[in-house]
Each structure stands twice: as structure tokens, then as C-alpha cells.
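# Notes for the structure review
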Amino acid sequence: MPSATPMVRRLVFLWLGVWLISSLTTLSGTGGLSAWLSLDAGGVRRGEFGALLGILAYACVHAPFPSLLHVGLNGWVAWLLGPEVEVLWPGRRFVKFLLYCIGWGAAFHLSLGWVLDGLFLAPALGGSGIVMAILGAQAAVYPERRISLIFFSCPLLALFLCLAFLDLLGLLFMVAGQGQRVAADIHLAGAVFGWTWAGGWHRYPMPWSRLKKRHASRRAEANARQKHEEEMELDRILEKISVSGLPSLSAEEKGAARGRSGPCPSLLLLCPQFKKR
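Quick summary incoming for the structure in this document. (Residues numbered from 1 in each chain as written. Predicted model: local features only at pLDDT ≥ 70, side-chain atom pairs only at ≥ 80, totals over all residues. Heavy atoms only, no water.)

Quick look at the pattern of salt bridges now. Overall, the coordinates contain three salt bridges when judged by the stated rule. A salt bridge links Arg 46 to Glu 48, with the shortest nitrogen-to-oxygen separation between them at 2.9 Å. Residue Glu 48 is classed as partly exposed on the basis of its relative accessible area, which comes to 36%. Between Glu 233 and Arg 236 there is a salt bridge, and its shortest N-O distance comes to 2.7 Å. Here the residue Glu 233 and the residue Arg 236 both occupy positions in helix α11 (residues 207-244), the gap between them amounting to three residues, near one helical turn. (Salt bridge = Lys/Arg side-chain N within 4 Å of Asp/Glu carboxyl O. Buried < 20%, exposed > 50% of the residue type's maximum accessible area, 1.4 Å probe, protein only. Helix = DSSP H or I, 4+ residues; strand = E, 2+ residues; numbered from the N terminus.)

Let's shift gears to the side chain of Ser 38. Here Ser 38 is to be found in the loop between α2 (32-37) and α3 (41-46). Leaving out residues up to four positions away in the same chain, Ser 38 has contacts with Gly 54, Tyr 58, Pro 123, Ala 124 and Leu 125. (Contact = heavy atoms within 4.5 Å.)

To continue, consider the packing of helix α1 (residues 6-25) against helix α5 (residues 69-88). A pair of packed helices can be characterised by two numbers: the angle between their axes and the separation between those axes. Where α1 meets α5, the closest approach of the two axes is 8 Å, and the angle between their N-to-C directions is 165°. Considered as vectors, α1 and α5 are oriented roughly antiparallel to each other. Our pair here, α1 against α5, has a crossing hand that is right-handed. Packed against α1, whose contacting residues are Pro 6, Met 7, Val 8, Arg 9, Val 12, Phe 13, Trp 15, Leu 16 and Trp 19, the element α5 presents Val 71, Asn 74, Gly 75, Ala 78, Trp 79, Gly 82, Pro 83 and Glu 86 at the interface. Of the residues assigned to the contact of α1 with α5, the class counts are twelve nonpolar, three polar and two charged. (Axes fitted to C-alpha atoms, helices over the stretch in contact; angles between N-to-C directions. Parallel < 35°, antiparallel > 145°, perpendicular 65-115°, else oblique. Left-handed = near helix turned anticlockwise from the far one by under 90°. Nonpolar A, V, L, I, M, F, W, Y, C, P; charged D, E, K, R; others polar.)

What follows deals with a nonpolar patch on the surface. A contiguous nonpolar patch, built from Leu 163, Phe 165, Leu 166, Leu 168, Leu 169, Leu 172 and Phe 173 and spanning about 630 Å² of accessible area, is present on the exposed surface. Tracing the backbone shows Leu 169 in helix α8 (residues 156-175). Classification of Leu 169 as partly exposed rests on a relative accessible area of 37%. (Patch = residues over 30% accessible without salt bridge, like charges linked within 9 Å, V, L, I, M, F, W, Y side chains within 5 Å. Areas by Shrake-Rupley, 256 points an atom, 1.4 Å probe, with all protein chains shown as cover.)

For helix α4 (residues 49-57), the full list of buried residues reads Ala 51, Gly 54 and Ala 57. The buried side chains of α4 occupy one side of the element, clustering within an arc of 120° when seen end-on. Those residues of α4 hidden inside the fold are in contact with α2 and α3. (Arc of directions from axis to C-beta.)

Bringing unusual backbone geometry into the picture now. Cis rather than trans, the peptide bond between Phe 65 and Pro 66 has omega equal to 15°. Relative to the helices and strands, Pro 66 is located in the loop between α4 and α5.

Turning our attention to helix α7 (residues 128-141). Look at α7: 20 Å from first C-alpha to last across 14 residues, which is about the 20 Å you get at 1.5 Å a residue. Counting buried residues in α7 gives 14 out of 14 residues, a clear majority hidden from the surface. (Expected span 1.5 Å × (residues − 1).)

Together, Glu 229, Glu 230, Glu 231 and Asp 235 line one region of the surface with negative charge. Note on placement: Glu 230 falls in helix α11. (Lys, Arg positive; Asp, Glu negative; His and termini not counted. Charge placed at Lys NZ, Arg CZ, Asp CG, Glu CD.)

Take the nonpolar core next. For soluble globular proteins, nonpolar side chains are generally found buried alongside one another. Ranked by internal contacts, the top residues of the largest apolar core, which has 46 residues, are Phe 97 and Ile 130. Going through the elements one at a time, α1, α3, α5, α6 (92-115), α7, α8 and α9 (184-197) are the ones with two or more residues in this core. When residues in this core are grouped by element, the largest group, ten residues, is from α7. The contact partners of Phe 97, leaving out residues within four places of it in the chain, are Val 85, Ala 133, Ile 134, Ala 137, Phe 193, Gly 194 and Trp 197. Residues Leu 112, Leu 119, Leu 171 and Ala 184 belong to the second largest nonpolar core, which totals seven residues. (Core = buried A, V, L, I, M, F, W, Y, C linked by side-chain atoms within 4.5 Å.)

This part is about the environment of Trp 114. Its place among the elements puts Trp 114 in helix α6. Residue contacts for Trp 114: discarding those within four places in its chain leaves Val 44 and Arg 45.

Considering all chains together, one arrives at eleven aromatic pairs under this definition. When the ring of Phe 97 is compared with that of Phe 193, the centres are 5.5 Å apart and the planes differ by 45°; the resulting orientation is tilted. Of this pair, Phe 97 sits in helix α6 while Phe 193 sits in helix α9, and the two are 96 residues apart along the sequence. Each member of the pair, Phe 97 together with Phe 193, is buried. Measuring from ring centre to ring centre gives 5.5 Å for Phe 97 and Trp 197, while their planes differ by 75°; the resulting arrangement is edge-to-face. (Phe/Tyr/Trp six-rings, centres within 6.5 Å; stacked < 30°, edge-to-face > 60°.)

A few words now on the packing of α5 against α7. Interhelical geometry of α5 versus α7 gives an angle of 40° and a closest axis separation of 9 Å. In terms of orientation, α5 and α7 fall into the oblique class. As α5 runs across α7, the sense of the crossing is left-handed. Touching His 70, Asn 74, Val 77, Ala 78, Leu 81, Gly 82, Glu 84, Val 85 and Leu 88 of α5 are Ser 128, Val 131, Ile 134, Leu 135, Ala 137, Gln 138 and Val 141, all from α7. Grouping the constituent residues of the contact of α5 with α7 by class yields ten nonpolar, five polar and one charged.

Here it is, written out as C-alpha cells:
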């Protein structure tokens, strides 16, 4: 894997710097920077300026001191896996990747807050959605790559699917009115975004894609079988005309010979007067 790339380095340093400022501002007793820049669905609904700013800024702030795991884990995974994603989509494309991921996570969180009134109203903060997007993009492009964690190593795709499943489970608990401390919805939105951005749906067809292919194959076989039967019937009609003449055809046989778009060239050669009226 490449060493830390410019944008990833800036992102991690931004997280650490904002975390330090947020921790210091909590000494004022007002909640600090993390409270001002978090994603607050209730504040957005009321049109509060700080809440509107939090639609994008929430991904830059993490839980302040004494919490170290939140910013530390996100920074470590981004430093470890982010450079590969920036190499795949360098420059402005990586910036778009980050901004679209943040916007998608905010839109999903706010939509759930509006649809499920009374739920998802707790302020959300942190760059975990970005981390899940990075992990999803990497898993889509390099599924067999093994990633070494602190105590074990595993395939990247397996790790991504496991974490995405846990986020889905957390989302279900949130819908049930539990688990408000972790923004599983934003994590899951980031995972889906990163996987989609890297073309994961095309690289690894889902079970319903196989069903669609199977249905299309069966339909093609049925069409081919029907076409073969029609050709056999037409050959029989032509043979009948050659032996007994055109007047021997029944109305159904004449209709079958004409077909939907007109009679075939062979029939016209045998019977020039046999034209579709």
C-alpha cells in the first residue's frame, strides 16, 4: 500500500486539530466545538445556522477528550486505507469522493429523522462514514487483499461485509428506539456510497441479479423454441402449397404464412399473388 497521500494526510491532521480544539472548548461549559458543528436533525428542521453548518462540518469533529478511540480509530483506518483510494481517484476526484460521502450521509440521517419523527434526532458527529466509504471502495476494487489489524488479519471484503452488517443491525436497533449513541445510519450510508462509487454492484452481482439473468435466459429459450415451431409450421405450409396449391390452405394457415410483418420471401417466390393486404 502507498504511504500517506496529500489529501489523506490533510484529512487526518484536520481531524486531530479539530478534535484538540473541540476538547479545549469543552472547558467553557457550553459543549464545545463538537456541539456547535454536529449534525443536528432537530436544529436543521428549525433552520438554525449552526445546524445548517453541521450538514458538512459534522464529519470533521469527533467526540472530545477524554474520548480518544473515536478520532484515533478513524484516523488510523483512513491513514491505512485512504491513500489507495486517493491513488485510484486522485486530486479533485478524491475531494468529490469525500464531499459526496459527507453529503450522502447527512441526507440519509436527516431523511430518517424527518420520516421517523422522534428518532434520529440526537446530534451525530465524526468521520466514520468516510472511513466506511474508504473501506467499501477498497473492498470493491481489491476484495481478496488481506488487511492486518492489531490482533488478526482477514480479507478486506469479509471485514467490510462484517462491519456493514453490524451497522445494519445497529440501524435496526435505532429504528426500534435503541442504540442512539452510535450513528449507524451514517456508517451504513458511507459503506453503500463507497461500494457504489467503486462499482461494487457491477463487479459482484447481487442474488436478485442472478434471478434476473435466469429469467432472461428462460425467456430467450422460450422465444427460440417458439421461433423454431413457427419455422417448422411455415415449412409444412410451403410443402402443402407445392403439392396441392395455394387454394388448399385454410384461413389459419394463410394467416400463419403472412405472419405479423408480411409473408416470407420464399412464399412470395412460390406465390407472387400472396401479399399482405
